[in-house]
Amino acid sequence: MNQAATPSSADLDALRLEVAGLVVEALNLDTAPESIPADDSLFGEGLGLDSIDILEVALVVSKRYGFQLRADNEDNVKIFRSLRSLTEYVAANRTK
């Protein structure tokens, strides 16, 4: 299997749990990473994050996976819509 191959479902599930763990750790959330629903909103009604939380998550994810999430990225609303969308973005852009 080559490096550019699309991650398997199991690989994405493992990465999603890893990203959820980073979110929980970065924000000191009182919740287990595996209890964060993949498709619930990260903002408002879902996980309840605000713009400062998202900046903190972006910083930790950027450091961990070797790419930069920028505040001025027009796709941020889509990237941070859910844990699943964030994980898919990480999978497509990670360098480590």
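Everything discussed here concerns the structure shown above.
About the cut-offs
- Residues numbered from 1 in each chain as written.
- Predicted model: local features only at pLDDT ≥ 70, side-chain atom pairs only at ≥ 80, totals over all residues.
- Heavy atoms only, no water.
- Helix = DSSP H or I, 4+ residues; strand = E, 2+ residues; numbered from the N terminus.
- Rg over C-alpha atoms; globule rule 2.2 N^0.38 Å.
- Buried < 20%, exposed > 50% of the residue type's maximum accessible area, 1.4 Å probe, protein only.
- Contact = heavy atoms within 4.5 Å.
- Areas by Shrake-Rupley, 256 points an atom, 1.4 Å probe, with all protein chains shown as cover.
- Salt bridge = Lys/Arg side-chain N within 4 Å of Asp/Glu carboxyl O.

Engineer: Any chance you could explain the overall build of the protein here in plain terms?
Structural biologist: Looking only at helices and strands, one finds four helices and zero strands in the protein. When the helices and strands of the protein are read in sequence order from the N terminus, they spell out α-α-α-α. A globule of 96 residues ought to have a C-alpha radius of gyration of about 12 Å, and the protein, at 13 Å, matches this closely. Principal axes of the C-alpha set define a box for the protein whose edges measure 40 × 30 × 20 Å. Residue burial in the protein is summarised as follows: out of 96 residues, 32% are buried. For the protein, restricting intrachain contacts to residue pairs at least 6 apart in sequence, the fraction spanning at least 24 positions comes to 60%. Carbon and sulfur atoms provide 50% of the accessible area of the protein, an area that totals close to 6000 Å².

Engineer: Please clarify how unusual backbone geometry should be interpreted in this entry.
Structural biologist: Most of the time, phi is negative for any residue but glycine, and the peptide bond is trans. We note that Asn-28 has phi near 50°; this positive angle belongs to a residue other than glycine. Tracing the backbone through its elements, the reader meets Asn-28 in the loop between helix H1 (9–27) and helix H2 (51–65).

Engineer: Can you walk me through the pattern of salt bridges in this structure?
Structural biologist: Side chains that differ in charge, positive against negative, can pair when their charged atoms come close. For the coordinates displayed, the defined rule picks out four salt bridges. The shortest N-O distance in the salt bridge between Asp-13 and Arg-16 comes to 2.3 Å. With Asp-13 and Arg-16 both in helix H1 and three residues apart, the pair spans about one turn of that helix. Ionic pairing is found between Arg-84 and Asp-39, a salt bridge with its closest N-O pair at 2.6 Å. Here Asp-39 lies in the loop between H1 and H2 and Arg-84 lies in helix H4 (residues 83–93), a separation of 45 residues in the sequence. Relative accessible area serves as the criterion here: at 28%, Arg-84 is assigned to the partly exposed category.

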